[in-house]
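Remarks on the overall topology
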Amino acid sequence: MKCDVAIIGGGPAGSTVGALLKRYEPSIDVAIIEREHFPREHVGESHLPAISQILDEIGVWDKVEAANFPVKIGGTYRWGATDELWDLSFIPGQTFMDVPRPGKYEGQRRQTAFQVDRSVYDKVLLDHARGLGCNVNEGVKVTIVETDGDRVTGLKLSSLESEIEARYYVDCSGDAGILRRAFDIGVESPTALRNIAIWDYWQDAEWAITLGTGGTLIQIMSLGWGWLWFIPISPTRTSVGFVLPASYYKATGKSKEAIYSEAIKAEPLISKLLSHARPEGVIQATKDWNFVADRLCGDNWFLAGDSCGFADPILSAGMTLAHTSGRKVAYIILDLLRGNHDPEWLKSEYTSGHRAQIKHHMQFADFWYSSNGRFTDLKEYCSEIAETAGLTLDADSAFRWLATGGFALEAPGVARALSYSVSGIKYVTQQLSGSDWDWQVAKTNLWLLKLSDATEENFAVFEAGCISKLKCYRRGDKILPVTGVYQRVLESLKKDVDAILVINSCLEVMTTQDGYSSAVAMTLIGETIEALIAEGWVKAKVNSQRPMVPMA
Ligand SMILES: Cc1cc2nc3c(=O)[nH]c(=O)nc-3n(C[C@H](O)[C@H](O)[C@H](O)COP(=O)(O)OP(=O)(O)OC[C@H]3O[C@@H](n4cnc5c(N)ncnc54)[C@H](O)[C@@H]3O)c2cc1C
C-alpha cells in the first residue's frame, strides 16, 4: 500500500490531520490506520472553545452539533481559597441564549464548546475524514515501524498482510506514541504532579437530564484528598471521575472502587446529582500522564496529539492540544508538498511552539494544585509542587509567573494563553490565591517599549490552509508578533510613551480601520498592554504629572 501521508491512530488528532489534508488538497492520498473498530470508548470529554473553530474549519461542526452533545459554556469550581462555588464562563458577562438545536456555528455558539461522549464524537470525526476521501482502515494495528536514520521507510500492519509506505508519517496514536518510541525520543516531565484518575459513566444523573440540552457548566469539586469531575456527555450519560496523587492512593491501601465511591459520597453536590443515577459499573483508571517529548518531528515524520505530550486533566486541555497540533501538522505537510517554505524552519516553528504550549499548561496545572487551600490532606503534596515550580501564591505574582509562558502563541494578534484571555487568567489567579490583583495598565501611565535585546525574526501563522511568515520580535522563547492588536499597540508605543496618548491612537486605528467597537477595542488594548508588561516587553512607570488611564 502506498500513499502520500500515513496517519497512525484515528482519534481526534488523526482525524484532524486527515480531514484538513483532504479539505485543502483533495488529490493527496491519505491513509489512516486505527487499531480499534469505532465506536470505542475513550476518556477526555470536556472541550474548550478553540476546538469549535477547528471543527468548523474541517466542515464537521454541523455533524457534531447534530449528535446533541451538551453545550459547554464553562465550569463551576469548588477550588482555591474558599469553599464557595465559582464559575469560569466562556461568555463572561452574558447570559447564554438557549437557541433550538441543532444550531449553527454563529453568534454565542462561536464562544462555546461541547462535552462529548468520545465513543460517538471520535466516530463522527473519523467518518467525516473518510467522507472527505481518507482511506480509513479500522481494526488494523501498526506493529512495526521501519526506519533508516531519521526517516520512516514503512509501517508493518497487523491485518492487511502488507506494509504501508508513504512520503510523510504522522503519529496520532495517543499515549501509545508509536513513532516517538520507535525513534526512542526522550521525554521530560517538568512538574511534580503524579496523579491517578479513576472514573465510571452514569446513566440518568439529575443534571444530565434537566440541563442536558441547554448551556452546561461542568462541575469540578475538590475534596481534601483529590478532586471530582462531573461532565454530562449526552442527555442521559454523565462522566464522573476522581483524581488524586498516585502516592496518596497507594498509601491508603484501598481499591480504586472503594476510593471512587468514598469520594462521591464525600461531595454533597455531586452525590445529590447522582442520587437517582445508575453507574455503568466499568471502573477505569490511569496514572502519570504529564510529559512532553523532546522532539516533535524528524526527517519525514511528525507527532501530533497526546503522542507529543500531555498536561493534567484539571485544565480540560488535552483535546484542544490534540486538535490544534493535528491542524498545524496538516498545514506543515501541505506546505512541504507545495514547497513553499524552508522545511527546517517549519519543523522548528512547530516543535518550539507546541512544546512551549504543553509546558505552559503543565505550569498552569502546577498552579491549580499548589494553590488549592481545600486540599487539607494534601498540604505536603501541594507545597512540594509549589517548591518545584518556584511558586509564590498571591494573584499578581501568579499572573506574572504564568505570563512567563507567553501570551502570543495561541491566536496570532490577540493576547491569549492556556485558552483564556488575559482577563480570564487574572480571574483564575484571583480565585485560586484568594487575593486581589491589580491591572498594571490601570496603575501606571508611562509605558516604555523595550526591544533593544530582542531579535527581529519571522514566525509562522497557520490560516485558511496556508502558512505565512509574519514579523515578530523574539527574546529567548518569547515572541512579540507584529500583527493584529499587537501590531496596533506596537505602532502606538513606538510613537508615544504616555498612556493616554498610546490608548487614544490605538483606539482611533482599531475603530476606524479594523472595525472594532470602542468597548471591544479598549478591552483588547488593555489586555495586550497588560500582557506586554507582564512579559517584560514594556516597562511601566508612573508620571505623577499625568492622568491614569480609566480602565474598566
Ligand atoms: C483522566 C483523563 C481525563 C481527561 N479529561 C480530558 C478532558 O476533560 N478534556 C480534554 O480535552 N482532554 C482530556 N483528557 C485528554 C484527552 O483524552 C486526550 O488529550 C485526547 O484523547 C488525545 O487525542 P489523540 O487523538 O492524541 O489520542 P487518542 O484519542 O488516544 O487516539 C489515539 C488512537 O490511536 C490508536 N492507536 C494506538 N496505537 C495504535 C497502533 N499501534 N496502530 C493503530 N492505531 C493505534 C488508538 O486506538 C486510538 O484510537 C483526559 C485524559 C485523561 C487521562
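Residues numbered from 1 in each chain as written. Predicted model: local features only at pLDDT ≥ 70, side-chain atom pairs only at ≥ 80, totals over all residues. Heavy atoms only, no water.

The sheet contact formed by strand β7 (residues 142-148) and strand β8 (residues 151-157) spans six bridges and is antiparallel. Residue pairing across strands places V145 opposite L155, the latter belonging to β8. The antiparallel hairpin formed by β7 and β8 contains two residues in its connecting segment, where G149 sits at a positive phi of about 60 degrees. (Pairing = 2+ DSSP bridges. Helix = DSSP H or I, 4+ residues; strand = E, 2+ residues; numbered from the N terminus.)

By size, the foremost hydrophobic cluster in this structure holds 86 residues, and its most contacted members are W79, W368, Y369, F407 and W447. Excluding residues that lie within four positions of it along the chain, W79 makes contacts with W86, I220, S222, W227, I314, W368, Y369, N372, R374, F375, Q431 and L432. (Core = buried A, V, L, I, M, F, W, Y, C linked by side-chain atoms within 4.5 Å. Buried < 20%, exposed > 50% of the residue type's maximum accessible area, 1.4 Å probe, protein only. Contact = heavy atoms within 4.5 Å.)

This paragraph deals with the site of the ligand. Near the ligand lie 37 residues; those nearest to it are E34, H42, S46, D306 and M319. P12 places a main-chain nitrogen or oxygen 3.3 Å from an oxygen atom of the ligand. Backbone polar atom of V142 to a nitrogen atom of the ligand: 3.0 Å apart, as the coordinates give it. Computed on the free molecule, the ligand has an accessible area of 1,000 Å², of which 96% lies beneath the protein chains in the complex. It is helix α10 (residues 318-338) that provides the largest number of residues to the shell around the ligand, a total of three residues. Grouping the amino acids of the shell around the ligand by side-chain chemistry returns 18 nonpolar, eleven polar and eight charged. (Near = heavy atom within 4 Å. Polar contact = N/O pair within 3.5 Å; in protein donor to acceptor, adjacent residues only side chain to side chain. Areas by Shrake-Rupley, 256 points an atom, 1.4 Å probe, with all protein chains shown as cover. Nonpolar A, V, L, I, M, F, W, Y, C, P; charged D, E, K, R; others polar.)

What follows concerns the sheet that holds strand β17 (residues 291-293). In space, the three strands of this open sheet follow the order β10-β17-β19, with antiparallel pairing throughout. What marks the edges here is a single partner per strand, and that holds for β10 (187-188) and β19 (309-310). Pairing of β17 with β19 involves two bridges; the strand directions are antiparallel. When the sheet's bridge partners are listed, F291 is paired in β19 with F310. Each of β10, β17 and β19 touches helix α11 (residues 343-370); the most contacted strand, β17, lies at about 170 degrees to it. (Axes fitted to C-alpha atoms, helices over the stretch in contact; angles between N-to-C directions.)

Working note: α-helix, 3.6 residues per turn, so residues spaced by three or four point in the same direction. Taking 1.5 Å of rise per residue, the 21 residues of α10 would be expected to cover 30 Å, and the 30 Å separating its terminal C-alpha atoms lies within 8% of that figure. Across the 21 residues of α10, 18 count as buried, placing the element largely inside the fold. Looking one or two residues past α10, G339 carries a phi angle of roughly 70 degrees, positive in sign. (Expected span 1.5 Å × (residues − 1).)

This model, assessed by the stated rule, comprises 23 aromatic pairs. Between F364 and W368, the ring centres sit 6.1 Å apart and the planes meet at 70 degrees, which makes this aromatic pair edge-to-face. Note that F364 and W368 are positioned in helix α11 at a spacing of four residues, about one turn of the helix. There is no split in this pair, since F364 and W368 are both buried. Pairing Y369 with F375 gives two aromatic rings, centres 6.1 Å apart and planes at 35 degrees, and the pair type is tilted. Accessibility classification places Y369 together with F375 in one group, the buried group. A connected cluster of aromatic rings, assembled from ring pairs, spans Y77, W79, W86, W199, W227, W229, F364, W368, Y369, F375, Y420 and Y427. (Phe/Tyr/Trp six-rings, centres within 6.5 Å; stacked < 30°, edge-to-face > 60°.)

The next thing to look at is helix α8 (residues 256-266). Among the residues making up α8, those that are buried are I259, Y260, A263 and I264. Here the buried residues of α8 occupy an arc of 130 degrees about the axis, which is enough to place them on one side. The secondary structure elements touched by the buried residues of α8 are β11 (195-203), β12 (215-223), β13 (226-232), β14 (237-245), α7 (246-252) and α9 (268-273). (Arc of directions from axis to C-beta.)

Here we come to the packing of helix α1 (residues 12-24) against helix α4 (residues 118-131). Interhelical geometry of α1 versus α4 gives an angle of 20 degrees and a closest axis separation of 8 Å. The orientation of α1 relative to α4 falls into the category roughly parallel. Where α1 crosses over α4, the handedness of that crossing is left-handed. Seen from α1, the contacting residues are P12, S15 and A19; seen from α4, they are R118, D122, L125, L126, H128 and A129. A breakdown of the residues in the contact of α1 with α4 according to their chemical character gives five nonpolar, two polar and two charged. (Parallel < 35°, antiparallel > 145°, perpendicular 65-115°, else oblique. Left-handed = near helix turned anticlockwise from the far one by under 90°.)

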